[in-house]
Amino acid sequence: MVSICSALAALLVGLGLSTAHADTNVDAFVAHQAATQTFEADLRQVFHWSFPRKHVESLGYIRYQAPAFLAIVLTNPVSELVLVRGDDLYIQRDKKASAKYKLEVHNGKPTQNVQFLLSFFQSGCTNFVGLFDATMTKTNDAVAVMLRPKHYAQMLPLRSVENVIAWPSFDVRSMRMGLIWDSYITYEFSNPRRNQPIDPAIFEVPKR
């Protein structure tokens, strides 16, 4: 097991690139994420909880604006808003009053799963790399980066984070967060658009 940057470099060397070229591609990926000022895409979210059993597939869209604005808007089967504004998290379900939470990091661990998604757009999750071991696989035109906690007890209920990235465009295709009891949350992105103007109203705090 190695760090995410080392894993990326190892994969690229395995594909026949020189070490210097591999390192350049890793740097290019991290730079690409850091240079993402806005990101928007259609979204399919799957929430699967094994006990008690619950499986919900939802459709909607996602919007990100650097440095720390993120909105996940689900419209089907029920409306739901997950909004990040800096260190504040707002969740509103089915047009009910929104709940507010603080995003914090305790002993290097994020307190909310949405922080991993935000981190991916900000830096390719490299700011949390010390918490995980990483492995990588290459399939056709994509790279899958699997992150597993170095210390599982510290990260409960999180068991893994898998990112699928289009290569060499660096477009994010999906993120899957594996949870305890074979539960999981997946985000699948389509029609991605990067560094295009976004209506700031999407990031407004919902009225209580």
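Before reading on, note that the structure itself is shown above.
Conventions we followed
Residues numbered from 1 in each chain as written. Predicted model: local features only at pLDDT ≥ 70, side-chain atom pairs only at ≥ 80, totals over all residues. Heavy atoms only, no water. Buried < 20%, exposed > 50% of the residue type's maximum accessible area, 1.4 Å probe, protein only. Helix = DSSP H or I, 4+ residues; strand = E, 2+ residues; numbered from the N terminus. Pairing = 2+ DSSP bridges. Polar contact = N/O pair within 3.5 Å; in protein donor to acceptor, adjacent residues only side chain to side chain. Contact = heavy atoms within 4.5 Å. 1 Å grid on protein atoms, 1.4 Å probe; cavity = no way out; pocket = protein on both sides within 12 Å on 5 of 7 lines; lining within 4 Å. Points joined across faces, edges and corners; volume = space filled by probe spheres on them.

A. View of the pairing of strand β12 (residues 172-179). Of all 8 residues in β12, 6 are buried; the element is thus mostly enclosed. With 7 bridges connecting them, strand β11 (residues 158-166) and β12 associate as antiparallel partners. Among the inter-strand pairings, Asn163 is bridged to a residue of β12, identified as Met175. Linking β11 back to β12 in an antiparallel pair, the connection comprises 5 residues, with Phe170 at a positive phi of about 70°. Counting the residues between successive antiparallel strands, the hairpin from β12 to strand β13 (residues 184-194) contains 4 residues, one of them, Trp181, with a positive phi of roughly 60°.

B. View of the environment of Phe116. Secondary-structure assignment places Phe116 in helix α3 (residues 114-123). Assessed through its relative accessible area of 3%, Phe116 is described here as buried. For the pair formed by Phe116 and Met175, sequence separation is 59 residues and the distance between their alpha carbons is 9.5 Å.

C. How the structure looks around the side chain of Thr36. The residue Thr36 is located in the loop between α2 (19-34) and β1 (38-50) in this model. At a separation of 2.9 Å, a polar atom in the side chain of Thr36 contacts the side chain of Arg194. If we ignore the near neighbours within four places in the chain, the residues touching Thr36 are Tyr64, Ala66, Phe121, Arg194 and Asn195.

D. Here's a closer look at empty space enclosed by the protein. A full pass over the atoms with the stated rule returns 1 cavity of 30 Å³ or more. Of the voids in this model, the largest cavity is the one considered here, and its volume is about 60 Å³. If you go around the largest cavity, the residues you meet are His32, Gln33, Thr36, Phe39, Phe120, Phe121, Phe170, Asp171, Val172 and Arg194. Going through the elements one at a time, α2 and α3 are the ones with two or more residues in the lining of the largest cavity.

Nothing here speaks to function; it is all geometry.
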